[in-house]
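Fold and contact review
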Amino acid sequence: MAELKPRLYAWVQDYGVYAAVLALLLFNVLFTPNFLDVSNFRTQLVQVTPIVIVSLGMALVIGTQGIDLSVGSVMALAAALVVLYLGYGWLPALAVALVGGAAVGAAGGALVAYAGVQPIVATLALLVGVRGLANVLVPQLVEFRNPDLIALGSSSVAGIPVIVLIAAALTLAMLFVVRRTTFGRQVVAIGGNRSASELSGLPVQRVLLLVYVISGLLAALAGVLATARLQASDPTSLGLFIELSAITAVVVGGTPLTGGRIRVLSTVMGALLMQLLSATLIKHNLPQSWTQMVQAVIILAAVYATRERASR
Amino acid sequence: MEPVLEAKGISKSFPGVLALDGVSLALNPGEVHALVGENGAGKSTLIKVFTGVYRPDGGELRYLGAPAAFGTPLEAQRAGISTIYQEVNLVPMMSVARNLLLGREPRGRFGVIDAARMYGAAEQVLAGYGVDADVRRPLRTLGVGAQQMVALARAVSVDARVVIMDEPTSSLEPREVETLFGVIRRLRETGIAVIYVSHRLGELYQVCDRVTVLRDGRLAHTGELAELPRLELISLMLGRELNEVKAEGVTRFSHDHALADGEPVVEARGLARRHVLNGVDVSVRPGEVVGLGGLLGAGRTETAKAIAGALPIDGGQVLVAGLPLRGGSTTAAIRAGVSLLPEDRKAEGIIPGLSVRENIALAALPSLAKAGVVSEAKIDAVVEIFMRRLKIKAASPGQPVAELSGGNQQKVLLARLLAVRPKVVLLDEPTRGIDVGAKAEVQALIDELAGEGLGVLLISSDLGELVEGADRVLVLREGAVVGELAGAEVTEERIMATIAEQAGAEQAGSDQVGAEQAGSEQAGAEQSGG
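Residue indices begin from 1 for each chain and proceed along its sequence in written order. Here the convention is simple: chains get letters from A, ligands get numbers from 1, in the order in which they are written. Totals for whole chains, interfaces and linings use every residue, but because this is a predicted model, local features are given only for residues with pLDDT of at least 70 and side-chain atom pairs only at 80 or more, for both listing and counting. To obtain the side-chain values, all non-hydrogen atoms of the structure were used and water was disregarded.

**Observations concerning the domain arrangement of chain B**
Residue and element names in this part refer to chain B. Which entries qualify depends on this criterion: The split of the chain into domains comes from an automatic or database domain assignment. Note on contacts: a residue pair qualifies if any of its non-hydrogen atoms lie within 4.5 Å across the two residues. Buried area: the accessible surface (1.4 Å probe) lost by two parts on joining, summed over both. Throughout this description, the term salt bridge denotes a Lys or Arg side-chain nitrogen within 4 Å of a carboxyl oxygen of Asp or Glu.
Domain boundaries in chain B define domain 1 (1-80 + 159-228), domain 2 (91-157), domain 3 (266-337 + 422-529) and domain 4 (347-421). Taken together, the contacts link 19 residues of domain 3 with 14 residues of domain 4. Summing both sides of the interface, domain 3 and domain 4 together bury roughly 1200 Å²; the carbon and sulfur share of this comes to 64%. Area buried by domain 3 at its contact with domain 4 is led by P422, E441 and L445, which between them contribute 37% of it. Between domain 3 and domain 4 we count 4 salt bridges in total.

See below:
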């Protein structure tokens, strides 16, 4: 038993989130009418897509012991920029939105990496300021009719929504970056021990800057995709509190907030788990407030599992 | 006279370490008692026993003539034992006055703090410590020295019987040091006992009455300081008998490097950093092992870090193979061929969450990748070469490095260092805290590296290692090179004698530090020009 316990913890840590997703799926198949309907499934996936994309960047940032609170506001900024420049065609507009997101990421990254500002403070300032900027650019909800952008949000390939395919591709790309690139390994090393990384000659500041730029880029893309799906730009409310959902996905996926570890697939699973959970409870006529309380329990359980691993 | 605070045969152990082994120390009222020892001697542990941070495993602690057992630091403080740490532990955002009187603020009606009285009282107290500052401003606006005075004033004003000072002068200006000594002398007159921990021997002789020397957790000596010559004090600290005949073969150094006489592979000129480095010149030629000697706090680690770009410098220059190195960047230094093995393996070396393999490959990753994508095959090859060459004992390359023994962790770090193919390696205490077998292997490796033409800068507190390993030894004291020994001069006696030289001379010149610094930089520049 004494030997089994740490192994059990390790297993829960590594695969707990997968097991939870499977368990919830099984529960729904058995007890939720119409759960297996394709349209229902699609709705769930489409809804969770922005969270998945944002949490990929968040996982990277958290891997460096940082945090990025600005992602929701970056989504709003991207939504504003994309309609402002839609007159030039959807691709230039998308490019401008991405540049905007990268710029916000660069600002946060520069504050963290070069000015030594704490990540939570630097990105909190951006959370507030960038939301304001987005509202100045587009003060109210604006509907648009650009067919290409609308198609981006609503079309499917082989029955799978394009935005879900994009999220899947990004997940694979992030997996590759974390596992196979110099940059990914350096990110993990810096999160694991920053002074050791510095003394080993790693370009710590540059890597940190780039991490926040990537997070900004992904948030901007999520903002454009969400806007395309809504067929309207809504900088006032788009992406509100998504930073918390993304952090939740990362934490539930078993990535410790203390850095030095990045779990890409588990993070995506974490996002799916939370989505599936709220969908399940709603389908069984439990109010939203119940969902929130259950989510709290899951977050605490995930943190507990991470703590056990850390103390070993 | 009865001691105010007394430790009798105190023992304290931590998992795997006996930090204190039957240590006794008697502190009399009105004396200033120096507590000295090198790293791992047990000073901090003893202080923590005195201040209630640790409970001793054995022995007796007596305070004011009765057995004492402080459960918490607060209890010790309430009983009258105050401690001033290197780092000021006050509240930086609060006003100076509140920091000084925290918890004892003068109160008016309804228990409201009487600000006017508080400021008045604070100003009065601080004037006695030579601090002339606006007590209404936040503490952090004061200089470090003045903050330390506030900490001291606070410690003394809480009816302290014993004041423990841990390296109190490490960040003070010479003028502030004088003020501090004035305060210490006043404390002595009022019957307060002071435990004074410092590595600056000149200061000890200036202000302390008695001395206790710890070494490896044991009491090495206790007695009147004035009767103890400086050289003898150093030999007690380092654990070397003055007349001890050098025992050959204790270490694994062969000591027969073909002495390279080529151009230096790395040359540091006039390295300066406030409070730490005071114009250090070091050069290492290919195939040469240069040792840095000196006591703790002499600036050895800082010299190595400054050369490796890991410590920003205020002045001076580092040349690698004759070309100036951009300062303050470890990336640039490593690219130029300068790699550092840091002193603190755990905090600055290993990345505990990663495997042996990832730890070894870390610094060399850019060269093991193509277009930013790492080549697993190349990493495997490099890792295998170094694991075999350095005889790293791990279950597999994938084993987490944190699970390895200290010696094997150190070898992993050496492998990381060597995997980038450096021209010169700076090894800061490469054999500290590792088992005998690994120690011998690391020493043999250093020899081998020098034999292959690498330049080696070796820092070691183990005098034997320094003497047998180094071709040349530079002795540092208070951030400056005070002597250079080469060839037959490299003996333990000569190193200790060089450390001990010029007793008291440094105080006389301490006001001219800035001038000296500028002078030595100039001299360095002239030499290089000529």
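**So, the interface of chain A and chain B**
To be explicit about the condition: Secondary structure is summarised from DSSP: a helix means a run of H or I of at least four residues, a strand means a run of E of at least two, and numbering begins at the N terminus for each.
In this complex, chain A contributes 20 residues to the contact, which on the side of chain B involves 27 residues. Of the roughly 1700 Å² buried between chain A and chain B, counting both surfaces, carbon and sulfur atoms make up 58%. When the buried area of chain A at its contact with chain B is split by residue, A:T182, A:R185 and A:L199 rank highest and sum to 37% of it. Our count for the chain A to chain B interface comes out at 3 salt bridges. Linking B:E358 and A:R185 is a salt bridge whose minimum nitrogen-to-oxygen distance equals 3.2 Å. Elements with a contribution of two residues or more to the side of chain A that touches chain B: α7 (162-180), α8 (182-192) and α9 (194-199) of chain A. Ranked by residues supplied to the side of chain A that touches chain B, first place goes to α8(A) with 6 residues.

**Focus: unusual backbone geometry**
Stated formally: Each residue is assigned to one of three classes by its accessible area relative to the maximum for its type, calculated with a 1.4 Å probe on protein chains only: buried under 20%, partly exposed between the two thresholds, exposed over 50%.
In this model, A:A158 sits at a positive phi of 55°, which is unusual for a non-glycine residue. Checked against the element boundaries, A:A158 lands in the loop between β2 (156-157) and β3 (160-161). The exposure class assigned to A:A158 is exposed, which follows from its relative accessible area of 77%. Unusually for a residue other than glycine, B:R421 sits at a positive phi of about 50°.

**Remarks on the packing of α7(A) against helix α10 (residues 204-230) of chain A**
Angle between the axes and distance between the axes are the two parameters that describe a pair of packed helices. All names here are of chain A. Counted only if it meets this: The convention used is that axes are lines fitted to C-alpha atoms, helices contributing only their stretch in contact, and that angles between N-to-C directions extend from 0 to 180 degrees. Convention used here: angles under 35 degrees read as roughly parallel, angles over 145 as roughly antiparallel, angles from 65 to 115 as roughly perpendicular, and any remaining angle as oblique. Each residue is assigned to one class: nonpolar for Ala, Val, Leu, Ile, Met, Phe, Trp, Tyr, Cys and Pro, charged for Asp, Glu, Lys and Arg, and polar for all the others, Gly among them.
Contact pair α7 / α10: the axes reach a minimum separation of 11 Å and the direction vectors enclose 170°. In terms of axis orientation, α7 runs roughly antiparallel to α10. Along the contact surface, α7 presents I163, I166, L170 and M174, while α10 presents I214, L218, L221, L225 and R229. Among the residues forming the contact of α7 with α10, the class breakdown is 8 nonpolar, no polar and 1 charged.

**As for the packing of aromatic side chains**
All names here are of chain B. Defined as follows: Each pair of aromatic rings taken from Phe, Tyr and Trp, with Trp reduced to its six-membered ring, is defined by centres within 6.5 Å and is described as stacked if the planes are under 30 degrees apart, edge-to-face if over 60, and tilted in the remaining cases.
Taken as a whole and assessed by the stated rule, the structure comprises 6 aromatic pairs over all chains. Measuring from centroid to centroid gives 6.4 Å for F181 and Y196, while their planes differ by 65°, and the two rings are edge-to-face. In this pair, F181 sits in helix α6 (residues 174-189) while Y196 sits in strand β8 (residues 193-197), placing the two residues 15 residues apart along the sequence. For the pair F181 and Y196, one class covers both residues: buried.

**Things to note about helix α8 (residues 230-238) of chain B**
Residues and elements named next belong to chain B. Of all 9 residues in α8, 7 are buried; the element is thus mostly enclosed. Taken together, the buried positions of α8 are R230, L233, I234, S235, L236, M237 and L238. Just downstream of α8 lies G239, where phi reads positive at about 75°.

**A closer look at the environment of B:R477**
All names here are of chain B. The following threshold applies: What qualifies as a polar contact is a pair of N or O atoms within 3.5 Å, subject to a donor-acceptor requirement within protein and to the restriction that residues adjacent in sequence count only when both atoms come from side chains.
Of note, R477 is situated in strand β21 (residues 472-477). The exposure class assigned to R477 is buried, which follows from its relative accessible area of 12%. Separated by 23 residues in sequence, R477 and A500 have C-alpha atoms that sit 9.2 Å apart. For R477, the side chain forms a polar contact with the main-chain oxygen of T498, separated by 3.5 Å.

**Describing the sheet that holds strand β16 (residues 338-341) of chain B**
Across a sheet, paired strands are connected by hydrogen bonds in the backbone, their directions being either parallel or antiparallel. Residues and elements named next belong to chain B. Cut-off, in case you're wondering: Any two strands between which DSSP finds at least two bridges are classified as paired.
The strand order across the open sheet formed by 6 strands is β16-β19-β20-β13-β21-β22, and the pairing between neighbours is mixed. Two strands close off the open sheet at either side, each with one partner strand: β16 and β22 (480-486). Strand-to-strand twist of the sheet, defined as the mean angle between neighbouring strand axes without regard to direction, takes the value 20°. Where strand β19 (residues 424-428) and strand β20 (residues 455-459) come together, 5 bridges link them in parallel fashion. Of the residues in β20, the one forming a bridge with V424 is G455. Here helix α9 (residues 300-307) sits on the sheet and contacts β13 (289-293), β16, β19, β20 and β21; the angle it forms with β20, its principal contact strand, is near 150°.

**Brief notes about helix α17 (residues 492-500) of chain B**
By the burial criterion, the buried members of α17(B) are B:E492, B:I495, B:M496, B:T498, B:I499 and B:A500. Along its buried surface, α17(B) packs onto α8, α16 (463-469), β21 and β22 of chain B.

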